[in-house]
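Structure at a glance
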Amino acid sequence: MFSRVLVANRGEIALRVIRACKELGIESVAVYSEADKDAPYLEFADKSVCIGPASATKSYLNIPALIAAAEITEADAIHPGYGFLAENAHFAEVCRDCKLAFIGPSPEAMALLGDKVSCKKMARRAKVPVFPGSDGAIEDPKEAIEVAQKIGFPVIVKASAGGGGRGMRIARNDEELHAGLDAARQEAEAAFGNGAVYVEKFLEHSRHVEVQCIGDQHGNAVHLYERDCSMQRRHQKVIEEAPAPHIDPKKREEVCRSAARLIKNAKYSGAATVEFLMDDKQNFYLLEVNTRVQVEHPVTELITGIDIVQTMIRVSAGEPLPFKQRDIKPTGHAIECRINAEDPSKGFVPCAGTIEQFDPPGGPGVRMDTHVVRSYRVPPNYDSMIGKLLVHADDRDQAIRRMARALDEFHVEPIHTTIALHRELMQDPGFVKGGVDIHYLERLLKK
Ligand code: ADP
């Protein structure tokens, strides 16, 4: 096992990893930018190191600074969390070259599954359903039009290296496809330094269903069942839950097994999420694979009782998975509400500033993952998420009631947060019924 893990991240996920290390008896090293120098979670780590100024490119994305911090503190592993460098294969490779264990997949597996074209190829081989579309990257607009005519409009042009919703264009006819190819290619070239794009069928009404998987270095891989993350705004998840409501048990088995098969075939070690879109007939198609721990991982922890972050650390140290597929028996229903420092009444503008009052909820079945305490100052430099409120209960109705109760107890002053929005959503008939599509929340917010 490792003796000291450097946590290459900030905020709630940094604290989450520090907690996992403590419970495993491993020391942790926190890093911080100048904007985070007073963050309370730094105290919980065994050591902390400043890695640069507020700007993320100079701190949390600064590979030499992170490697130097690991070397100075004699860490033997790095946990990247999510965001920042978590899906950067070059960073994983630099870690390996510097004899630091990267708590995640090998750079090769990350590159294979992180690139959408190679991931899709791998999925086809593993008999995982993918959207009909081009076989690989498309060079010639004529080829794109042939593909679109074969599969039928609408289609979507996507960047192979895509992320964060960039390099995507929907096309409903030949002209839009021509324009979309150029635009997507340029956007992808500028954002990722890789202009490769491909074309696939665009599904109008779908749900986002994703499967948590984890593999080890001995060829074992399991799934930890699915989550529904269809409540989204601008491709950002707002509420996540498990299990996905109203899915036929057979379909559920099918989608979960497909995901595990893909991870196993890729000889993948570490946590991964296989994301799918599901249509109203419960046909599902691969969207992408995230090769890291996700924000919403605690939803799965609550229904399975498995500590995903600890398991990631253990498999990275070479241990075999401590459970088999048949040992994983999900119970009850879990929901997560992302609490963002944003003002929903003003177009969700981020609200930085000092939090004078912070009273998080408690009681049965409530989990609060946050790095925030009273007097914490939310810096303006990073993501606006200040915490995740989760509940677990016997079934979905009880989980919704429990979440509503927890949100009622939750008070944050004076900055604006999404707490009030979540209170409304817990009473929204569409959400309460369950099974909404990925555009539902945006339609609701427009009303
Ligand atoms: P990124 O890596 O940029 O987040 P994704 O492949 O995850 O890209 O796609 C982002 C979003 O775009 C999805 O959540 C979905 O809303 C939409 N999308 C992507 N591909 C399709 C598709 N084939 N049909 C319908 N919507 C799609």
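All values derive from a computational prediction rather than experimental measurement. Residue indices begin from 1 for each chain and proceed along its sequence in written order. In keeping with the predicted nature of the model, local features appear solely for residues at pLDDT of at least 70, side-chain atom pairs appear and are counted solely at 80 or more, and the whole-chain, interface and lining totals rest on all residues. Values shown for side chains rest on all heavy atoms present in the structure; no hydrogens or waters enter the calculation.

1. A few points about the domain arrangement of the protein chain
Per the domain assignment, the segments of the protein chain are domain 1 (4-103), domain 2 (130-201) and domain 3 (207-446). The C-alpha centroid of domain 2 is placed 36 Å from the C-alpha centroid of domain 1. Throughout the structure description, domain borders are defined by an automatic or database domain assignment.

2. Comments concerning the pattern of salt bridges
For salt bridges, the criterion is a side-chain nitrogen of Lys or Arg within 4 Å of an Asp or Glu carboxyl oxygen. Applying the stated rule across the entire model yields 32 salt bridges. In this structure, arginine 16 and aspartate 307 form a salt bridge, with 2.9 Å as the shortest nitrogen-oxygen distance. Pair noted here: arginine 16 is in helix 1 (residues 11-24) and aspartate 307 is in the loop between helix 9 (297-304) and helix 10 (308-316), with a separation of 291 residues, a long-range link. For arginine 16, a relative accessible area of 6% corresponds to the buried category. Buried, partly exposed and exposed residues are distinguished by accessible area as a fraction of the type maximum, computed with a 1.4 Å probe on protein chains only: under 20%, between the cut-offs, and over 50%, respectively. Judged by its relative accessible area of 23%, aspartate 307 is partly exposed. Strands are runs of DSSP state E lasting at least 2 residues, helices are runs of H or I lasting at least 4, and numbering of each runs from the N terminus.

3. Thoughts on the nonpolar core
By nonpolar core is meant a set of buried Ala, Val, Leu, Ile, Met, Phe, Trp, Tyr and Cys residues that side-chain atoms within 4.5 Å join together. Core analysis: the largest hydrophobic core is formed by 91 residues, its most contacted members being Leu6 and Leu262. Element by element, the count of residues in this core is highest for helix 1, at seven residues. Here this core spans two domains, since at least three of its residues come from each of domain 1 (4-103) and domain 3 (207-446). Should any heavy atoms of two residues lie within 4.5 Å, those residues are counted as being in contact. Excluding its chain neighbours within four sequence positions, the residues that come into contact with leucine 262 are Leu113, Met122, Ala123, Ala126, Val128, Val274, Leu286 and Val289.

4. Thoughts on the pairing of strand 12 (residues 270-278)
In terms of burial, strand 12 is largely enclosed, as nine of its nine residues are buried. In this description, strands pair whenever DSSP reports at least two bridges between them. Here nine bridges tie strand 9 (residues 207-215) to strand 12, and the two strands are oriented antiparallel to one another. Residue cysteine 213 lies in a different strand from strand 12, and its bridge partner there is alanine 272. Summarising the sheet, strand 12 and strand 13 (residues 284-290) pair through six bridges and their orientation is antiparallel. Each bridged residue has a counterpart across the sheet, and for methionine 278 the counterpart in strand 13 is phenylalanine 284. Hairpin geometry of strand 12 and strand 13 is characterised by an intervening segment of five residues between the two adjacent antiparallel strands and by a positive phi of about 65 degrees at glutamine 282.

5. Digging into the sheet that holds strand 11 (residues 236-242)
Pairing is antiparallel in the open sheet, where eight strands are placed in the order 13-12-9-10-11-14-21-19. At either end of the open sheet lies a strand with only one pairing partner, and these are strand 13 and strand 19 (366-369). Across the sheet, the axes of successive neighbouring strands diverge by a mean angle of 25 degrees, strand direction being ignored. The sheet contact formed by strand 11 and strand 14 (residues 333-340) spans four bridges and is antiparallel. Residue pairing for strand 14: glutamate 240 is matched across the bridge by glutamate 336. Relative to strand 21 (residues 385-393), helix 9 is tilted by about 20 degrees, and along the sheet it contacts strand 9, strand 10 (221-233), strand 11, strand 14, strand 19 and strand 21. Every angle, taken between N-to-C directions, lies between 0 and 180 degrees, and every axis is a line fitted to C-alpha atoms, over only the stretch in contact when it is a helix.

6. A closer look at the side chain of histidine 422
Position of histidine 422 among the secondary structure elements: in helix 12 (residues 419-425). Contact partners of histidine 422, with chain neighbours within four places excluded, come to Val238, Ile239, Cys337, Arg338, Ile339 and Leu407.

7. Thoughts on the environment of threonine 73
In this fold, threonine 73 is placed in the loop between helix 2 (63-72) and strand 4 (77-79). Along the chain, threonine 73 and valine 49 lie 24 residues apart, while their C-alpha atoms are 8.5 Å from each other. Excluding its chain neighbours within four sequence positions, the residues that come into contact with threonine 73 are Arg4, Leu6, Val29, Lys47 and Val49.

8. Examining the site of the ligand
Working definition: residue near molecule or strand if any one of its non-hydrogen atoms lies within 4 Å of it. In the region of the ligand, 19 residues are neighbours, and Lys116, Gly165, Lys201, Leu203 and Glu288 sit closest. In the model, a nitrogen atom of the ligand is placed 3.0 Å from a nitrogen or oxygen of the glutamate 200 side chain. Note that an oxygen atom of the ligand is positioned 2.9 Å from one of the side-chain N or O atoms of glutamate 288. Considered on its own, the ligand offers 540 Å² of accessible surface; in the complex 93% of this is hidden by protein. By the criterion applied in these results, polar contacts are pairs of N or O atoms within 3.5 Å in which, for protein atoms, one can donate a hydrogen and the other can accept it, and in which residues neighboring in sequence qualify only through two side-chain atoms. Working definition of accessibility: Shrake-Rupley area with a 1.4 Å probe, residue cover restricted to the visible protein chains.

9. Things to note about the environment of isoleucine 415
One can find isoleucine 415 in the loop between strand 22 (411-413) and helix 12. On the basis of relative accessible area, isoleucine 415 is assigned to the buried category, the value being 10%. In this structure, the C-alpha to C-alpha distance between isoleucine 415 and glutamate 342, residues 73 residues apart in sequence, is 8.1 Å.

10. Overview of the sheet that holds strand 5 (residues 101-102)
Taken in spatial order, the five strands line up as 3-2-1-4-5 in an open sheet, and their pairing is parallel. Of all strands in the sheet, those with a lone pairing partner are strand 3 (47-52) and strand 5, marking the two edges. Relative to strand 3, strand 2 (residues 27-33) runs parallel, the two being bridged by five bridges. Bridge assignment links tyrosine 32 to a residue of strand 3, and that residue is cysteine 50. Along the sheet, helix 2 makes contact with strand 1 (4-7), strand 2, strand 3 and strand 4, crossing strand 3 at roughly 155 degrees.

11. Side note on the packing of aromatic side chains
Each Phe, Tyr or Trp ring, with Trp reduced to its six-membered ring, pairs with another whose centre is within 6.5 Å; inter-plane angles below 30 degrees give stacked pairs, above 60 give edge-to-face pairs, and intermediate values give tilted ones. If you walk through the whole model with that rule in mind, you get seven aromatic pairs. On the numbers, 5.5 Å between centres and 80 degrees between planes, the contact of tyrosine 60 with tyrosine 382 is edge-to-face. With tyrosine 60 in the loop between strand 3 and helix 2 and tyrosine 382 in the loop between strand 20 (377-378) and strand 21, the pair connects residues that are 322 residues apart, well separated along the chain. Each member of the pair, tyrosine 60 as well as tyrosine 382, is classed as buried. Centre to centre, the rings of phenylalanine 91 and phenylalanine 102 are 5.9 Å apart; their planes meet at 85 degrees, and the pair counts as edge-to-face. Highlighted residues: phenylalanine 91 in helix 3 (residues 89-97) and phenylalanine 102 in strand 5, separated in sequence by 11 residues. The same class applies to phenylalanine 91 as to phenylalanine 102, namely buried. Only when the NZ atom of a Lys or the CZ atom of an Arg is both within 6 Å of the ring centre and within 35 degrees of the ring normal do we say a charge sits over the ring. Sitting over the face of the ring of phenylalanine 431, arginine 396 holds its NZ or CZ atom 4.9 Å from the ring centroid.

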